[in-house]
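Survey of secondary and tertiary structure
Now for the letters of each chain:
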Amino acid sequence: MDTTDVRIQVLETDVAVLNIRTEENRAMTSAMFEVLNDLRTATTDLRTEVIGLRTVTDELRKGQDELRTVTDELRASTQELRKGQDGLRSSIAELRITTVALRIGQDELREDVASVKRSAGNLESSMKRVEGEVGELKAGHIELRHLVASLIK
């Protein structure tokens, strides 16, 4: 074998090795493209999820804002109710004072009614005595008239 044949053989071996490496590179490149496609799909899915999360986050923020508004309104309503309760407590206290005053007034009126009844009873007794005395005076007057009439005859 001469050097040309050896060189051709070496070249053929190198070409065969290059063909094998080329196939390996093609397989590797194909696998890399598959991985890249998988990464693109995963990235797209992640973007979709991130967009979904942003939407949910925005909705949560809106919900929080609405809750804050409702909470503020509830606080304001609670304060108004407390003011109303304070007013009612004052009114109840005033009503209790008025009720006590009315009870005292009723007791005084009862005493006055009892006093008036006693006075009416005393007056009635006095009237009966007076009527008795008037009756006696009438009877005495009639007797006096009869005496005077009998003296005149």
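See the structure printed just above.
All figures in this text were calculated on a predicted structure; none of them were measured in a lab.

**Thoughts on the overall build of the chain**
Scanning the chain from terminus to terminus reveals 1 helix and 0 strands. Computed over its C-alpha atoms, the radius of gyration of the chain comes to 63 Å, more than 25% above the 15 Å expected for a compact globule of 153 residues. Expressed as a percentage of its 153 residues, the buried residues of the chain come to 0%. Where the 23 positive side-chain charges of the chain centre and where its 28 negative ones centre are 16 Å apart.

**Some points on the pattern of salt bridges**
Here the structure, examined in full by the defined rule, presents 7 salt bridges. Between R26 and E23 there is a salt bridge, with its nearest N and O atoms 2.9 Å apart. Placement of both R26 and E23 in helix α1 (residues 3–152) is noted, with a separation of 3 residues, approximately one turn of the helix. Classification of R26 as exposed rests on a relative accessible area of 53%. Residue class for E23 comes out partly exposed when judged on its relative accessible area of 47%.

**With respect to a nonpolar patch on the surface**
Taken together, L144, L147, V148, L151 and I152 make up a surface patch of nonpolar side chains, about 540 Å² in accessible area. Tracing the sequence through the fold places L147 in helix α1.

Calculation notes
Residues numbered from 1 in each chain as written. Predicted model: local features only at pLDDT ≥ 70, side-chain atom pairs only at ≥ 80, totals over all residues. Heavy atoms only, no water. Helix = DSSP H or I, 4+ residues; strand = E, 2+ residues; numbered from the N terminus. Rg over C-alpha atoms; globule rule 2.2 N^0.38 Å. Buried < 20%, exposed > 50% of the residue type's maximum accessible area, 1.4 Å probe, protein only. Lys, Arg positive; Asp, Glu negative; His and termini not counted. Charge placed at Lys NZ, Arg CZ, Asp CG, Glu CD. Salt bridge = Lys/Arg side-chain N within 4 Å of Asp/Glu carboxyl O. Patch = residues over 30% accessible without salt bridge, like charges linked within 9 Å, V, L, I, M, F, W, Y side chains within 5 Å. Areas by Shrake-Rupley, 256 points an atom, 1.4 Å probe, with all protein chains shown as cover.

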